[in-house]
Amino acid sequence: MMWMLAFTLLPLMAIAYISWHVWCLLPLSWIWKTLAIMLMVGSFLLMFAGIFRSTDKMPMPLATAVYEIGTSSIFILLYLFMLFVVLDLGRLVHLISRTLLYNNWWVTGGIAFFMIALFVYGHLHYKHKVREELTLKSEKVSKPVKLVMVSDLHLGYHNQREEFHRWVDLINAEKPDLILIAGDIIDGSMRPLKDQKMYEEFHRLSAPIYACLGNHEYYSGEPDAQQFYRDANIHLLQDSATVVGDFCIIGRDDRTNIHRKSLGKIMEESSLHTPHSSFLILLDHQPYHLEQAERQHIDFQFSGHTHHGQVWPISWITESIYECAFGAHKRGHTNYYVSSGLGIWGGKFRIGTRSEYVVLNLQR
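Rules and cut-offs
- Residues numbered from 1 in each chain as written.
- Predicted model: local features only at pLDDT ≥ 70, side-chain atom pairs only at ≥ 80, totals over all residues.
- Heavy atoms only, no water.
- Helix = DSSP H or I, 4+ residues; strand = E, 2+ residues; numbered from the N terminus.
- Buried < 20%, exposed > 50% of the residue type's maximum accessible area, 1.4 Å probe, protein only.
- Contact = heavy atoms within 4.5 Å.
- Areas by Shrake-Rupley, 256 points an atom, 1.4 Å probe, with all protein chains shown as cover.
- Lys, Arg positive; Asp, Glu negative; His and termini not counted.
- Charge placed at Lys NZ, Arg CZ, Asp CG, Glu CD.
- Expected span 1.5 Å × (residues − 1).
- Bend = angle between axes of the 7 residues up to and from the residue.
- Pairing = 2+ DSSP bridges.
- Salt bridge = Lys/Arg side-chain N within 4 Å of Asp/Glu carboxyl O.
- Polar contact = N/O pair within 3.5 Å; in protein donor to acceptor, adjacent residues only side chain to side chain.

Student: Is there a simple way to think about the overall build of the protein chain in this case?
Tutor: When you go through the protein chain residue by residue, the secondary structure sums to 13 helices and 12 strands. Counting only C-alpha atoms, the protein chain reaches 75 × 45 × 45 Å along its principal axes. In the protein chain, which comprises 364 residues, the share counted as buried stands at 52%. Looking at the protein chain alone, contacts between residues at least 24 apart form 76% of all its contacts between residues at least 6 apart. For the protein chain, the accessible surface area stands at approximately 17,600 Å², while carbon and sulfur atoms represent 65% of it. With 32 positive and 34 negative side-chain charges, the protein chain shows a separation of 3 Å between the mean positions of the two kinds.

Student: Just checking my understanding: could you explain helix α4 (residues 60–92) for this structure?
Tutor: Two residues of an α-helix separated by three or four positions point the same way, owing to the 3.6 residues in each turn. The end-to-end C-alpha separation of α4 is 48 Å, in line with the 48 Å expected for 33 residues at 1.5 Å each. Approximately 25° is the largest bend angle found in α4, and it occurs at S73. Positioned one or two residues after α4, H94 has a phi angle of 65°, which is positive.

Student: Hey, could you run me through the pairing of strand β10 (residues 327–331) in this one?
Tutor: Across a regular strand the side chains alternate sides, sitting on one face of the sheet and then on the other. When β10 meets strand β11 (residues 334–338), the two strands line up antiparallel, connected through five bridges. Bridge pairing in β11 links R331 to T334. Taken together, β10 and the strand that follows it, β11, pair antiparallel across an intervening segment of two residues, in which G332 is found at a positive phi of about 60°.

Student: Can you walk me through the pattern of salt bridges in this structure?
Tutor: The full count for this structure, using the stated rule, is 22 salt bridges. As a salt-bridge pair, E174 and R131 come within 2.7 Å of each other at their nearest N and O atoms. You can see E174 sitting in the loop between α6 (161–172) and β3 (178–181) and its partner R131 sitting in strand β1 (residues 129–137), a full 43 residues away along the chain. By relative accessible area, which is 9% here, E174 ends up buried. Taking relative accessible area as the criterion, R131 reaches 36% and is therefore assigned partly exposed. Members of the salt-bridge network, linked through shared partners, are R161, D169, E200, E201 and R204.

Student: Would you mind going over the environment of D253 with me for this structure?
Tutor: When you line up the elements, D253 lands in the loop between β7 (247–251) and α11 (263–270). Accessibility expressed as a relative area gives 3% for D253, which makes it buried. Along the chain, D253 and H285 lie 32 residues apart, while their C-alpha atoms are 8.2 Å from each other. Of note is the side chain of D253, whose polar atom sits 2.8 Å from the side chain of Y218.

Student: Quick question: what am I supposed to make of the environment of L263 here?
Tutor: Mapped onto the elements of the fold, L263 is located in helix α11. Using a relative accessible area of 4% as the deciding quantity, one classes L263 as buried. Residues L263 and Q292, spaced 29 residues apart in sequence, show a C-alpha to C-alpha distance of 7.1 Å. Beyond its immediate chain neighbours, meaning those up to four positions away, L263 contacts I250, R252, L282, Q292, A293, Q296 and I298.

Laid out in structure tokens, this is it:
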């Protein structure tokens, strides 16, 4: 209960703090200052239209605009808050004159230029997809195999079919033998995926697709998500395993489902159908309790979910929460990779993090 109260109060306090600074800084009449603050607060409140799915009742162009403005405002307000904190600290230690923060066009213009430049960079950096290549060797692999692995596509109002089409081309250019997706294919609403027949783009992928569920599949409605997986010809592994050539691919249900099976139980049930020599790959959306894969002698675990914080300094928070919040990791004989995601939730900005797809080369 306390964390929910804090989650509600902290953004409101931050907005009040930013609003006060904007009021003091803008060299305008009270009418224009009021309008500027109302625009800022209104943009933030649009975020709740997406959370409560009000966007599903709007025309698609309007729903897209409401979603993008609302979710982008969170990151813009975060950086405004940090900027004003730095200015206030500078004023307290007498590095910055108090008069600079009151009715000053130069400071207003400087802050506006900095924010525009930062978020233009963040958007362009998000659009650039990084190719991360890994190579692993194992006696369990009889011939070289290439896997393309992605997570956190977040297809929806902001990542629409045209953009996903480009991602499919990137994946196909690798000529993979298998494609693995570690959850959160869907952002939150099934409406844009259905309207744009997004499942047809998955049919263009040139290799079999195996995936697990993420927490956002539950937000969108798990039965609808499962139907989308079927329409897209995605092999959904939900607390289950399947053998593909030299591999046994295990997919855990997302931990949003408190009744999901333990990894030990899944391994016990699948052992009857799994050759002892199989290379074990685990798909688990949220990278908690990495020691479980090590105990079950998993060869490789692929996860997502963290987005590596999406923007700095949230990346510091994810790094304090998870044993591995991003990148390659190893425990014992088990290799891990936690991806920052190909897509993104909310505003399409990457600051201090990256959007990526992973190419895994497995060799004997």
